[in-house]
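One letter stands for each residue in the lines below.
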Amino acid sequence: HDPPAAAVDRIEFPPPPSCVCVGAMTDAATKAKELKAANAVRRVIQKVRLATPETLDALESEAFDVMSQNLEEMGSQHDKVQEELEKGMEVGRTRVEGIVEKREKEAELAKRPKELMDEIKAIMEEIEPKVAALEAASGKGDGAEALKADDAPAVKMQSDLFAKEIKEFSQACVSRATEIKLTKLPPMMHQEWTQLAQSIVQTKQKCERAVTAARISVNKALESVRKEQVEKKKKDIKTMVEAASSATPAVEQLVLGAETEVEPFIKGKLRPEAEMNELAKTMDGMVEQVHKAVEAARKDIEQPLTLEDNQDEHVKAELEAYLAGEMKRPGLRLGQLERRIARVANIVRYYRQDLRDKHNNSIMDGLKTELLEKVKGADNSAAIAAIEPLLRQAEKVAQLTLKNSKMTVPQMKTLAEKVTMVLEVTKAAFTSANQAVCPIDPSLDEDVQKKLRFLVAPQIKKPLQQLGQLDRRLNRLKNLLKMFLGDISQKHGSSYMEARLKLVKVARKEMAAKELDLDKLFEAAAKGTTELDDIAFVMFANSLDKKVKKEASEEEETLEITSEEVSAVFSAFVPEGKQTMDSDAFGRCLCLRLTVVKPTTLTSELSIAESKTLRALKVGEILEQLEGPEKEGRTAVKRVRVKALKDGKIGWASVAGNAGSIFLKATDV
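Enquirer: Is there a simple way to think about the overall build of the protein in this case?
Expert: Counting secondary structure elements, the protein contains 19 helices and 9 strands. In terms of overall dimensions, the protein is more spread out than a globule: its C-alpha atoms have a radius of gyration of 55 Å, far above the 26 Å expected for 669 residues. Each of the three principal axes of the protein carries a C-alpha extent, and together these read 180 × 90 × 85 Å. Looking at the 669 residues of the protein, the share that counts as buried comes to 33%. Across the protein, contacts joining residues at least 24 apart in sequence account for 71% of those joining residues at least 6 apart.

Dropping the structure here:
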């Protein structure tokens, strides 16, 4: 059993034997001494392990020295420490070899960045003196004199040139910096590169500040000179404007004269009617004279007054603004004079209107009783009944216009003439009936006629309703004829364009077969003359071989072109007022042109896949067709070789897309 805790405190252990204690103490002291000596060597071994190429030799010597000094004291630790020393030296040498190899690699990597950084430094050194030179020239350097006006142009040129050099400096640094960033920059160069990059930015900013300061100095130096120039030029401009507006005072005198002469027309100052009418004619002449004078004066002030081009931009801008302000004043003055003469014209017009109203009222008083009696006793049924058969006949003929799909253009024109003739007869009968119903003299003033019609309208209500119904039928026939004439025009245009396309095809074949250009082809057609008439052009067209290849195919077809169609094409290209066609008109006729109706592209080759895009073709552009249409290999899209009249560029373009979108259409432009 364990003794109680209180009893444990009273147990006394006997001391060890004295002989054992003395021997143990001696061994421990020896071992401690050996360990101390070994540790001294180990500390140096640790240094050797972490040696660099610069410290390896010194540390190895130190290790040998410490080893020698502690050789006896290491005792039993000697062999172990010797082994550790050898291993430590081996580790240290291996580490140094790695460091040397790494440094060699870094040196190789740093070679190109170093060269680039040296180049940047050289560029910076080259630009620094130029900064100082610009600062000195512009009066911004230490002890420099303020810039004088005479020296300002030279400094301005110097600053402009230096601004360009700054751009070149920036581009040179950026290109080299980009190359440096793309290389694997050694860690040892990171700090150097960071400092250099900061120096580049600082140098550029310094250069830009120098340019800005120089330009400010130039502006200050030139400001006084510029002010003198501006004031002198303003005086010249004012003189020019006064000369340009010299006619304005004369116009004002004419207006004053007209305002004086028009006073009799103002209420309370009227003279006898005959005298007033003569005065009104005189006033018309005066108003017209003022309008012509105002127009002439306005042309004078609208003549562009040009400023000298060899002036400073700021001076020119200020003078242009001043000129615009000065030129505005005479324009405003002429506008005021126009409004004053318009008031004069209105006074005369109101007088005439009042006079006309008085005359019309007098005529009305004399005619209304007689007209009412005529209307009440008139028998107009026969005149109205005469319209019906004519209208039915016109409707029967006009109905044929709705069945024109298979008609030729000549047939349609003949029918249109027939419908027109019938309608004219019907309209004449309608006019006669209208006069019978409401017998008002058509030579009367329109205002009088209107009032008389309003007066008798209740008495002729029924015949007017009958005429209104007939008039609606007549208007329907007029609209049918209008639509039919539009169909004729459309079909004629389509027929004409087809004929022209056929003529262009056979003419192109003739040119290719005989290696002719348009001028040579015209000479062959004209047979020694300088112009072609209709007959000669038709004979030329009939002489051409009509057998051509089908579009986008190797098969042949024979085109049919009538003499009437050829004659229509000829007429379309003959200049107005002439009966013959010259070589220019002949060339336009046989040179097929296309209009871009939807945006597309001009490419270098027929094959879309193998083409390069030359440029975009915009809506409204005119193209001259040189070849085609031909089918593109992969997509079977019809394409033509064209020449853009806008810039003369030649290439291929699609006539239409796969989905049916139309890009190009033939045109007469």
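Enquirer: Where do I start with the nonpolar core in this structure?
Expert: The tendency in soluble globular proteins is for nonpolar side chains to be buried side by side. Counting 36 residues, the largest nonpolar core has Ile387, Val419, Leu423, Leu452, Leu467, Leu477 and Phe484 as its most contacted members. Among the secondary structure elements, those contributing two or more residues to this core are helix 10 (313-377), helix 12 (387-399), helix 13 (409-437), helix 14 (446-456) and helix 15 (461-514). The element contributing the most residues to this core is helix 13, with 11 residues. If we skip the residues at most four places from it in the chain, Leu467 touches Ile384, Ile387, Phe430, Ala433, Asn434 and Val437.

Enquirer: I keep staring at unusual backbone geometry and nothing clicks. Help me out?
Expert: Excluding glycine, a negative phi dihedral is what most residues carry, and trans is how most peptide bonds are arranged. A positive phi angle, close to 55 degrees, is found at Lys527, a residue other than glycine. As for its position among the elements, Lys527 is in the loop between helix 16 (518-526) and helix 17 (534-543). Residue classification places Lys527 among the exposed positions, given a relative accessible area of 69%.

Enquirer: What should I look at first to understand the side chain of Thr401 in this one?
Expert: On the secondary structure map, Thr401 appears in the loop between helix 12 and helix 13. Take Thr401: its relative accessible area is 4%, and that puts it in the buried class. Within polar-contact distance, the side chain of Thr401 engages the backbone oxygen of Ala398 at 2.5 Å.

Enquirer: Help me understand the pattern of salt bridges, please; the structure alone is not making it clear to me.
Expert: With the rule as written, the count across this model stands at 30 salt bridges. We note a salt bridge from Lys47 to Glu62, for which the minimum N-O separation is 3.9 Å. With Lys47 in helix 2 (residues 18-49) and Glu62 in helix 3 (residues 56-69), this residue pair connects regions lying 15 residues apart in the sequence. In this structure Lys47 comes out as partly exposed when scored by relative accessible area, which is 44%. Judged by its relative accessible area of 31%, Glu62 falls in the partly exposed class. Between Glu295 and Lys299 there is a salt bridge, with the nearest N and O atoms lying 4.0 Å from each other.

Enquirer: What am I meant to see in the environment of Leu518 here?
Expert: Mapping Leu518 onto the fold places it in helix 16. Overall, Leu518 belongs to the partly exposed group, its relative accessible area being 21%. Separated by 43 residues in the primary sequence, Leu518 and Asn475 have C-alpha atoms spaced 51 Å apart.

Enquirer: What is the right way to read the packing of helix 8 (residues 248-261) against helix 9 (residues 273-302) from this model?
Expert: The N-to-C vectors of helix 8 and helix 9 enclose an angle of 160 degrees; their axes lie 10 Å apart at closest approach. With respect to each other, helix 8 and helix 9 are oriented roughly antiparallel. Helix 8 and helix 9 meet at a crossing whose hand is left-handed. Facing helix 8, whose interface residues are Val251, Leu254, Val255, Gly257, Ala258 and Glu261, helix 9 presents Leu279, Met283, Met286, Gln289, Val290, Ala293, Val294 and Ala297. Looking at the contact of helix 8 with helix 9 residue by residue, the class counts come to 11 nonpolar, 2 polar and 1 charged.

Enquirer: Hey, could you run me through the environment of Met286 in this one?
Expert: Its place among the elements puts Met286 in helix 9. Overall, the relative accessible area of 19% leaves Met286 in the buried class. A C-alpha to C-alpha distance of 7.7 Å links Met286 and Leu254, two positions 32 residues apart in sequence. When residues no more than four places from it in sequence are discounted, the contact partners of Met286 are Gly257, Ala258 and Glu261.

Enquirer: Looking at this structure, I do not really get the pairing of strand 8 (residues 650-654). What am I missing?
Expert: Looking down a regular strand, the side chains alternate between one sheet face and the other. Counting buried residues along strand 8, 4 of its 5 residues qualify, which places the element largely inside the surrounding structure. The sheet contact formed by strand 7 (residues 638-644) and strand 8 spans 5 bridges and is antiparallel. Bridge assignment links Arg641 to a residue of strand 8, and that residue is Trp652. Taken together, strand 7 and the strand that follows it, strand 8, pair antiparallel across an intervening segment of 5 residues, in which Gly648 is found at a positive phi of about 75 degrees.

Enquirer: Looking at this model, I keep getting lost on the packing of aromatic side chains. Mind explaining?
Expert: Aromatic rings considered in pairs are described by the distance between their centres and by the relative angle of their planes. For the structure shown, the criterion picks out 4 aromatic pairs. For the ring pair Phe537 and Phe586, a centre distance of 6.4 Å and an interplane angle of 85 degrees mean the geometry is edge-to-face. Of the two residues, Phe537 is situated in helix 17 and Phe586 in helix 19 (residues 583-590); the sequence distance between them amounts to 49 residues. Here Phe537 matches Phe586 in class, with each residue buried. Within the aromatic cluster, the residues linked to one another by ring pairs are Phe522, Phe537, Phe540 and Phe586.

Enquirer: Is there a simple way to explain a negative patch on the surface in this structure?
Expert: Together, Asp517, Asp519, Glu523 and Asp584 give the surface a local cluster of negative charge. Here Glu523 lies in helix 16. Classification of Glu523 by relative accessible area gives partly exposed; the value is 47%.

Enquirer: I'm lost on helix 17 in this one. Help?
Expert: Since the α-helix turns once every 3.6 residues, residues separated by three or four places project in the same direction. Among the residues making up helix 17, those that are buried are Phe537, Val538, Phe540 and Ala541. Buried residues in helix 17, looked at end-on, bunch into an arc of 160 degrees, giving them a common side. Relative to its buried face, helix 17 has exposed residues pointing more than 90 degrees away, namely Ile535, Met539 and Ser543.

Cut-offs used in this document
Residues numbered from 1 in each chain as written. Predicted model: local features only at pLDDT ≥ 70, side-chain atom pairs only at ≥ 80, totals over all residues. Heavy atoms only, no water. Helix = DSSP H or I, 4+ residues; strand = E, 2+ residues; numbered from the N terminus. Rg over C-alpha atoms; globule rule 2.2 N^0.38 Å. Buried < 20%, exposed > 50% of the residue type's maximum accessible area, 1.4 Å probe, protein only. Contact = heavy atoms within 4.5 Å. Core = buried A, V, L, I, M, F, W, Y, C linked by side-chain atoms within 4.5 Å. Polar contact = N/O pair within 3.5 Å; in protein donor to acceptor, adjacent residues only side chain to side chain. Salt bridge = Lys/Arg side-chain N within 4 Å of Asp/Glu carboxyl O. Axes fitted to C-alpha atoms, helices over the stretch in contact; angles between N-to-C directions. Parallel < 35°, antiparallel > 145°, perpendicular 65-115°, else oblique. Left-handed = near helix turned anticlockwise from the far one by under 90°. Nonpolar A, V, L, I, M, F, W, Y, C, P; charged D, E, K, R; others polar. Pairing = 2+ DSSP bridges. Phe/Tyr/Trp six-rings, centres within 6.5 Å; stacked < 30°, edge-to-face > 60°. Patch = residues over 30% accessible without salt bridge, like charges linked within 9 Å, V, L, I, M, F, W, Y side chains within 5 Å. Areas by Shrake-Rupley, 256 points an atom, 1.4 Å probe, with all protein chains shown as cover. Lys, Arg positive; Asp, Glu negative; His and termini not counted. Charge placed at Lys NZ, Arg CZ, Asp CG, Glu CD. Arc of directions from axis to C-beta.

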